[in-house]
Amino acid sequence: MKIISVVGARPNFMKIAPFCRAITQHNAALEASIGDRAHKDPSYIEHLLVHTGQHYDDRMSKNFFESLNIPSADINLNVHGGTNDEQIAATMEAFKPIVDAEKPDWVVVVGDVNATAACSQVGKAAGCKVAHIEAGLRSYDNDMPEERNRIITDGLSDLLLTPDRISQRILLDEGKNPASVKFVGNIMIDTLEEQREKASQLDPVAIVESALLEKEEIPDHAREDLHTGNYGFITMHRPSNVDHADILTPIVDYFCDELRDKLTLIWPVHPRTKKNMIAFGLWDKVLAQPHILITQPLGYHDLLRLNMGAKLALTDSGGLQEECCVLGTPCLTLRWNTERPITLEEHGGASTLVGNDVDNIKSALKRVLSEERKPMRPELWDGKTAARCVREIVQAHQTTQA
Ligand code: UD1
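Read on for a plain summary of the structure.

With that settled, the discussion passes to the overall build of the protein. Counting its regular elements, the protein contains 17 helices and 13 strands. In terms of its C-alpha atoms, the protein occupies a principal-axis envelope of roughly 65 × 40 × 40 Å. Buried positions account for 57% of the 402 residues belonging to the protein. Restricting the contact set of the protein to residue pairs at least 6 apart, pairs at least 24 apart contribute 70%.

Among the structural elements, Val184 can be located in the loop between strand 7 (181–183) and helix 7 (187–200). Judged by its relative accessible area of 1%, Val184 falls in the buried class. Considered as a pair, Val184 and Arg165 are 19 residues apart in the sequence and their alpha carbons are 9.6 Å apart.

Glycine aside, residues mostly have negative phi, and peptide bonds are mostly found in the trans state. With phi around 55°, Asn69 is a residue other than glycine that occupies positive phi space. Following the sequence through the fold, Asn69 ends up in the loop between helix 2 (58–67) and strand 3 (75–76). A relative accessible area of 57% places Asn69 in the exposed class.

What follows concerns the sheet that holds strand 2 (residues 46–51). Judged by pairing direction, the sheet is parallel, and its 7 strands sit side by side in the order 3-2-1-4-5-6-7 without closing on themselves. Looking at which strands have only one partner, the edges of the open sheet turn out to be strand 3 and strand 7. Relative to strand 5 (residues 129–133), strand 4 (residues 106–110) runs parallel, the two sharing 5 bridges. Paired with Trp106 across the bridge in strand 5 is Lys129.

Moving on: the sheet that holds strand 13 (residues 351–353). One open sheet holds the 6 strands; their spatial order is 10-9-8-11-12-13, and the pairing between them is parallel. Two strands bound the open sheet, and with one partner strand each, they are strand 10 (292–295) and strand 13. Direction aside, neighbouring strands of the sheet carry axes that sit 20° apart on average. As paired strands, strand 8 (residues 231–235) and strand 9 (residues 264–268) are joined by 3 bridges and run parallel to one another. Bridging across to strand 9, Tyr231 finds its partner in Thr264.

What follows covers the pairing of strand 8. Consecutive side chains of a regular strand alternate in pointing toward one face of the sheet and then the other. For strand 8, the tally of buried residues reaches 5 of 5 residues, placing the bulk of the element in the interior. Burial of the side chains of strand 8 extends over both faces: Tyr231, Phe233 and Thr235 are buried on one face and Gly232 and Ile234 on the other. As paired elements, strand 8 and strand 11 (residues 312–315) share 4 bridges and run parallel to each other. Counted as the bridge partner of Thr235 is Thr315 from strand 11.

A word on the packing of helix 1 (residues 10–34) against helix 2. Helix 2 packs onto helix 1 with a crossing angle of 15° between their chain directions and a minimal axis gap of 9 Å. Classed by the angle they form, the pair helix 1 and helix 2 counts as roughly parallel. Two packed elements cross with a definite hand, and for helix 1 against helix 2 that hand is right-handed. Taken together, the residues of helix 2 that come into contact with helix 1 (itself represented by Arg10, Phe13 and Met14) are Met60, Ser61, Phe64 and Phe65. Counted by class, the contact of helix 1 with helix 2 contains 5 nonpolar, 1 polar and 1 charged residues.

The rules we used
- Residues numbered from 1 in each chain as written.
- Predicted model: local features only at pLDDT ≥ 70, side-chain atom pairs only at ≥ 80, totals over all residues.
- Heavy atoms only, no water.
- Helix = DSSP H or I, 4+ residues; strand = E, 2+ residues; numbered from the N terminus.
- Buried < 20%, exposed > 50% of the residue type's maximum accessible area, 1.4 Å probe, protein only.
- Contact = heavy atoms within 4.5 Å.
- Pairing = 2+ DSSP bridges.
- Axes fitted to C-alpha atoms, helices over the stretch in contact; angles between N-to-C directions.
- Parallel < 35°, antiparallel > 145°, perpendicular 65-115°, else oblique.
- Left-handed = near helix turned anticlockwise from the far one by under 90°.
- Nonpolar A, V, L, I, M, F, W, Y, C, P; charged D, E, K, R; others polar.

This is how it looks when you write it as structure tokens:
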């Protein structure tokens, strides 16, 4: 059987890494059991990896391929920039001739980025089967491009591979065919489990020093905070938080003015956020703060290491909510909703929704700073999800061939 799997943006890379490895292991097991005949067996997987090009900076893409041992993409569509609609349209146009030429049996997409929605539609229109890894997440906020991408992709997928029981239930309640909905666990946690030992060897000071923007060196008190674990980290990139001056300014002012004597803040800044901070006149103020260390986007191991030792995460990322849940890092989620309710405190997780309201952030921060870490592992977040994904795809393929 032939599979094309697709990646486009940073959060896809930690999901595709274990999937690629699980395919290699699946083929190796087949070879071990039937030798040379394996290549002719219908369940032997011929795999092509397509990168749509959505993220293209070394620090947003290439570095992840290298550090997570993802095989180089077989094809890069080099589509990036523009609005979401333009990006989806251009990706569809570029992906179509690939699917027509390669004629895969399955197109496998992960997550909820533009690449996910674009390539699932092209795959389905070309008569391929489509599998979605990380199906069934819903924020019920159609203003989010990711929510629209999830609904489109889940609407047309032949195999819906879900990360938790909540998403499983959502898909069944939506009326999806129960035979197509399979609970496999969270594939991103495969990567976390595989990489946490390597990450734990890293030194937080060295991580920040090597990526520091603008400052000559880390001030002494911040160095001390990094040593003793008296630090938090910030990641923000959602348009709803960073595209409007009246929303971004009070949050940045709060980080600058009110957290100064509390802890050091590491802020690996996303290209969109940096561009907007400059446009809104906030960039110089943030850079001037001795307790805020702005860095370039960090590599997977670097951010994982910082997360392992942090007192606090302030983030609007979905993936970080999940990583904080497993590591137990108190996570103030800078959103009003989440498609990942399993990570919330009410389900035993480490995440609290604080939206983008400074009073909310303030009171939640006061509370969580005095709390202990509470690691929590939802069912099947066990590091073995990728193998289950491959198994389900092979089984679904055999069923369609029968
Ligand atoms: C995308 C995903 C989002 C994911 C995020 C992780 C969608 C709809 N959104 O949002 O779900 O959480 O990635 O980062 O797919 N840019 C660069 N270099 C790069 C990549 C982007 O400079 O390597 C710039 C772009 O030119 C653009 C901005 O960053 O100005 C936003 O990039 P884009 O890919 O449109 O979406 P993200 O905000 O990164």
